[in-house]
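Here's the letter readout for the chains.
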Amino acid sequence: MLFKLMFSPRARRTAKEVARLKGMIHMVDATADIEIACEEAYRLLDEYADMLLRGEDPGVLLPRVKHHLEMCMDCREEFEMLLSALRATTG
Amino acid sequence: MEKRSNHEWLNALKSPGPERERALAELRTLLVRGLSYALRGWRRTAGRDFEALAEDFCQEALLRILDNLDSFEGRSRFTTWAHKIAVRVALTELRRKRWQDVSLDKLVAEDGAESMMSSDEAGPETEAERTDLLAWMKRIMMEELTEKQRRAIAAIAFGGMPLEEVARRMDTNRNALYKVIHDGRVRLKRRLAREGMNPQDILESMG
């Protein structure tokens with residue numbers, strides 16, 4: 001199938017459109033049949049952050065949280081801000 | 001600032017009197033310090049008074065923490081759990097303010113995101129589409145996704161609007177909208193598999 005399809009340029013196509021489509025395909029590729037949604041990820045986020053700050057790999061014990069953070073921009077932003085706040089106050 | 005165990009934090013915050021006031025003051029100081037630092041990294045707060053902003057958010061966060069003490073499961077440090085709540089309060093408000101004047105319809109239309117999933121791909125498949133990967137992908141998105149899924153994906157993935165803000169405009173919540181989008185991604189993934197298309201191969205062919 002792929003060999004029949006070419007990524008042929010068209011005059012009206014923009015680089016932005018291509019970048020968006022690539023982003024979308026990445027997301028589709030990374031999609032799991034079962035994923036946790038934002039509420040469950042939020043419930044576990046503090047535990048996940050503490051594991052990371054202790055030098056453990058939280059992705060091993062909480063792989064679905066790790067996957068959710070890769071897929072959800074809102075939750076990833078919250079996690080990054082949480083880590084930042086913790087690093088500023090721990091020690 | 002004294003180091004308290006989770007148990008000591010909970011006991012202090014639950015018992016009325018000076019011990020509670022002292023614990024609350026300590027927690028406030030900690031949350032303001034953490035949040036004012038974290039806000040500096042948030043790209044849309046440039047030029048703002050971080051500490052004043054953090055003070056406002058922490059006021060609300062402390063109320064929420066006190067209301068939800070019984071839901072603390074003890075799976076993390078108590079202070080990590082409290083920071084998590086403060087961050088949620090701050091980001092919810094920052095996102096709401098940042099996007100308050102942007103309508104979903106306008107975003108999807110003006111940003112051109114709509115064109116990714118609609119318009120000229122309706123109707124019979126054309127010869128050009130059979131040899132054009134982008135047009136073909138747009139077609140399967142039209143065929144596999146509901147209108148709600150297309151709008152949400154367009155606004156979030158292409159328009160950059162936070163899930164939370166899209167959910168607010170669609171009269172749903174972030175959790176439910178995530179599930180709607182996940183269902184859409186699963187449908188697209190299965191369709192690609194049925195068509196014998198490997199996403200990695202598609203990406204490679206796009207360069």
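The structure under discussion appears in the preceding block.
Fair warning: this is a prediction, and the values are worked out from it, not measured in the lab. (Residues numbered from 1 in each chain as written. Chains lettered and ligands numbered in written order. Predicted model: local features only at pLDDT ≥ 70, side-chain atom pairs only at ≥ 80, totals over all residues. Heavy atoms only, no water.)

Draft legend 1. Region of interest: the interface of chain B and chain A. With 71 residues of chain B at the contact, the number on the chain A side is 55 residues. Together, the buried faces of chain B and chain A total about 5,900 Å²; carbon and sulfur atoms form 60% of this surface. Remark: the boundary between chain B and chain A carries eleven salt bridges. Where B:Lys84 meets A:Asp46, a salt bridge forms, and the shortest distance between an N and an O atom there is 3.3 Å. Joining chain B to chain A, the criterion identifies 25 residue pairs in polar contact (both at pLDDT 80 or more). Where the side of chain B that touches chain A is concerned, the elements lending two or more residues are α2 (18-40), α4 (78-99), α6 (127-130), α7 (133-144), α8 (147-158), α9 (163-169), α10 (174-194) and α11 (199-206) of chain B. Looking at the side of chain B that touches chain A, its residues break down into 34 nonpolar, 13 polar and 24 charged. (Contact = heavy atoms within 4.5 Å. Buried area = accessible area lost by both parts, 1.4 Å probe. Salt bridge = Lys/Arg side-chain N within 4 Å of Asp/Glu carboxyl O. Polar contact = N/O pair within 3.5 Å; in protein donor to acceptor, adjacent residues only side chain to side chain. Helix = DSSP H or I, 4+ residues; strand = E, 2+ residues; numbered from the N terminus. Nonpolar A, V, L, I, M, F, W, Y, C, P; charged D, E, K, R; others polar.)

Draft legend 2. Layout of the nonpolar core. Residue and element names in this part refer to chain B. Among the nonpolar cores identified, the biggest contains 92 residues, and Leu 27, Leu 35, Leu 39, Ile 65, Phe 78, Val 166 and Leu 177 are the most heavily contacted of them. Among the elements that take part in this core, α4 stands out by supplying eleven residues, more than any other. In contact with Phe 78, other than residues within four places in its own chain, are Asn 6, Trp 9, Leu 10, Leu 13, Leu 27, Ile 65, Leu 69 and Phe 72. (Core = buried A, V, L, I, M, F, W, Y, C linked by side-chain atoms within 4.5 Å. Buried < 20%, exposed > 50% of the residue type's maximum accessible area, 1.4 Å probe, protein only.)

Draft legend 3. Structural detail: unusual backbone geometry. Even without being a glycine, B:Asp171 presents a positive backbone phi close to 55°. By secondary structure assignment, the location of B:Asp171 is in the loop between α9 and α10.

Draft legend 4. Quick peek at the pattern of salt bridges. Applying the stated criterion across every chain yields a total of 33 salt bridges over all chains. A salt bridge links B:Asp105 to B:Arg151; the shortest N-O distance between them is 2.8 Å. Of this pair, B:Asp105 sits in helix α5 (residues 104-110) while B:Arg151 is found in helix α8, placing the two residues 46 residues apart along the sequence. With a shortest N-O distance of 3.1 Å, B:Glu143 and B:Arg139 are connected by a salt bridge. Of this pair, B:Glu143 and B:Arg139 are both found in helix α7, four residues apart, which corresponds to roughly one turn of the helix. By relative accessible area, which is 41% here, B:Glu143 ends up partly exposed. Via salt bridges that share partners, A:Asp74, A:Glu77, A:Glu78, B:Arg88, B:Arg95, B:Glu164 and B:Arg174 belong to a single interconnected network.

Draft legend 5. Region of the structure containing the state of the cysteines. Residue and element names in this part refer to chain A. For the structure on display, the rule yields zero disulfides over all chains. Left without a disulfide partner, Cys 72 is nearest to the cysteine sulfur of Cys 75, which lies 3.7 Å away. With relative accessibility at 2%, the residue Cys 72 sits in the buried group. With a relative accessible area of 4%, Cys 75 lands in the buried category. (Disulfide = S-S within 2.5 Å.)

Purely geometric stuff here, so don't read any function into it on its own.
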